[in-house]
Amino acid sequence: MYGMVAARYRVLPNVKRTGLSNQPVLVAFTSEDAHYSFKKTVHWLGIGMDNLVLVETDSRGRMIPEKLEEAIESVLKSGRQPFFVNTTAGTTVLGAFDPFQEIANICNKYKLWMHVDSCLGGTAILSTKHSHLLDGVQRADSIAWNPHKTLGAPLQCSIFLLKHKGLLHQCNSANADYLFQQDKFYDISYDTGDKSVQCGRKVDAFKVWLMFKARGTAGLAELVDNAFECANYFEEEVRTRSGFRLVMEKSQYTNISFWYIPSKLRVDESLEDTAWWAQIYKITALIKEKMVKRGSVLIGYVPIPNKNIGNFFRMVVTCHPRPTYESMRYVLDEIACVGEMI
């Protein structure tokens, strides 16, 4: 939302004073696998959900640059004004990283604001082994990162980075004289309240600052590397264990998507028709329910309707509690145990 507000102010600086009446119809773009918050954002900002274009993704959940450019051209022909492109570093379900360099080229071509939702996958920047996943995000206008996700900082701990100095103050300030006096004895640029929607708030940045002080850059990198190693181990276990099946062959991040097929439903692949898959999707939800009631494992399941994929397990490996190969095996053992009961 902060990124979109800044982008709107840059393209329509009078909108803060006059509102959206008699302004061009603005259009934002994001991938069809992006976080649902973008639908809320265009609603809350008065842009409208009809003016949020969901761009097609590939089989691994990454935005297809050619489809983005086609969508931009289509919007221009309709007489509306493109202004904002969201890219994702670590989509919620598949953990996909969009091709940032290619999308940045398109944004430069059409003079569009590029935002990176790295709320999940931004933690990869802490690791020298995995920071390559974020190649190209330095070209973005704005970036969001949630250390409370993969890194495991206490809720809530969110970071918003903006490339354009002074823009947050210009588009968000309300100039409350009783709070933000201009003649204070200290540097008033530190009065962040007039740059944000919130005024009074907890010092959330203190949480991630403490993590850096306690562990150092090397210590945090080791946590991230361990999470990736455990996720890779988990994925390989799914690939080789009887009854388990990956949704996609190789994950980019620490999200592992898979099914468990109970013994009674293991048939020749030629017999895996729509009715058979419907049973697998239903059993996935039942396994989750039974594990919750047993108090053994909490693991989510999700569908991807735009790819005609029903329920599958989504294992997201995070830095805290510190995962181990043993804990990875425990999750799979419990799923198989419960799955055979159904």
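Structure shown above.
Below, the structure is looked at part by part. (Residues numbered from 1 in each chain as written. Predicted model: local features only at pLDDT ≥ 70, side-chain atom pairs only at ≥ 80, totals over all residues. Heavy atoms only, no water.)

In this section: the overall build of the protein. Along the backbone of the protein there are 9 helices and 10 strands. Its C-alpha atoms give the protein a radius of gyration of 23 Å, near enough to 20 Å, the size a compact globule of 342 residues would have. Taking the principal axes of the C-alpha coordinates as reference, the protein spans close to 70 × 55 × 35 Å. Buried residues in the protein amount to 48% of all 342 residues. A separation threshold of at least 6 residues defines the contact pool for the protein, and within that pool the share at least 24 residues apart is 67%. Accessible area of the protein: about 17,500 Å², with a carbon and sulfur share of 55%. Averaging the locations of the 40 positively and 36 negatively charged side chains of the protein gives two centres separated by 5 Å. (Helix = DSSP H or I, 4+ residues; strand = E, 2+ residues; numbered from the N terminus. Rg over C-alpha atoms; globule rule 2.2 N^0.38 Å. Buried < 20%, exposed > 50% of the residue type's maximum accessible area, 1.4 Å probe, protein only. Contact = heavy atoms within 4.5 Å. Areas by Shrake-Rupley, 256 points an atom, 1.4 Å probe, with all protein chains shown as cover. Lys, Arg positive; Asp, Glu negative; His and termini not counted. Charge placed at Lys NZ, Arg CZ, Asp CG, Glu CD.)

Now for the sheet that holds strand β2 (residues 52-55). Strand order in the open sheet made by the 6 strands is β2-β1-β3-β4-β5-β6, with mixed pairing throughout. Strands at the two margins of the open sheet, each flanked by one partner only, are β2 and β6 (159-162). Here the strands of the sheet are splayed against their neighbours by 20 degrees on average, with no regard to which way each runs. Where strand β1 (residues 26-31) lies against strand β3 (residues 81-88), 4 bridges are found, and the strand directions are parallel. Note that in β3 the partner of Leu26 across the bridge is Gln81. (Pairing = 2+ DSSP bridges. Axes fitted to C-alpha atoms, helices over the stretch in contact; angles between N-to-C directions.)

On the surface, Val203, Phe206, Trp209 and Leu210 cluster together into a nonpolar patch covering about 430 Å² of accessible area. Assignment of secondary structure puts Val203 in the loop between α6 (167-172) and α7 (205-240). (Patch = residues over 30% accessible without salt bridge, like charges linked within 9 Å, V, L, I, M, F, W, Y side chains within 5 Å. Salt bridge = Lys/Arg side-chain N within 4 Å of Asp/Glu carboxyl O.)

In space, the 4 strands of this open sheet follow the order β7-β8-β10-β9, with antiparallel pairing throughout. Bordering the open sheet on either side are β7 (244-246) and β9 (300-304), each of which pairs with just one other strand. When strand polarity is set aside, the average angle formed by the axes of neighbouring strands in this sheet is 45 degrees. Bridge count for β9 against strand β10 (residues 309-316) is 4 bridges, and the pairing is antiparallel. Across the sheet, Tyr301 pairs through a bridge with Phe313, a residue of β10. Together, β7, β8 (255-260) and β10 form the strand contacts of helix α9 (residues 325-341), whose direction differs from that of β8 by roughly 25 degrees.

The subject of this paragraph is the side chain of Asp225. Residue position: Asp225 is located in helix α7. Of the buried charged residues, Asp225 lacks a salt bridge, with Lys129 as the closest side chain of opposite charge at 4.4 Å. Residues within four places of Asp225 in sequence aside, it is in contact with Ser127, Lys129 and His130.

Inspection of the secondary structure puts Val316 in strand β10. Linking Val316 and Ala231, residues 85 residues apart in sequence, is a C-alpha distance of 7.9 Å. Beyond its immediate sequence surroundings of up to four residues, Val316 is in contact with Thr254 and Asn255.

Judged by nonpolar contacts, the single largest core of 77 residues is most densely connected at Phe29, Leu68, Phe234, Phe258, Ile299, Met315 and Ile335. It is α7 that provides the largest number of residues to this core, a total of 12 residues. Residue contacts for Ile299: discarding those within four places in its chain leaves Phe258, Lys288, Met291, Phe313, Arg314, Met315, Val331 and Ile335. (Core = buried A, V, L, I, M, F, W, Y, C linked by side-chain atoms within 4.5 Å.)

Moving on, we come to the pairing of β2. Across 4 bridges, the pairing between β1 and β2 is parallel. The residue of β2 that forms the bridge with Ala28 is Leu52. The parallel pair β1 and β2, bridged by helix α3 (residues 37-44), forms a crossover whose chirality is right-handed. (Right-handed = clockwise from strand over helix to strand, strands pointing away.)

Enumeration over the complete set of coordinates arrives at 20 salt bridges. Taking the shortest distance from any N to any O, the salt bridge between Lys67 and Glu56 comes out at 3.9 Å. Of this pair, Lys67 sits in helix α4 (residues 65-77) while Glu56 sits in the loop between β2 and α4, placing them 11 residues apart in sequence. Lys67 sits in the partly exposed class, given a relative accessible area of 32%.

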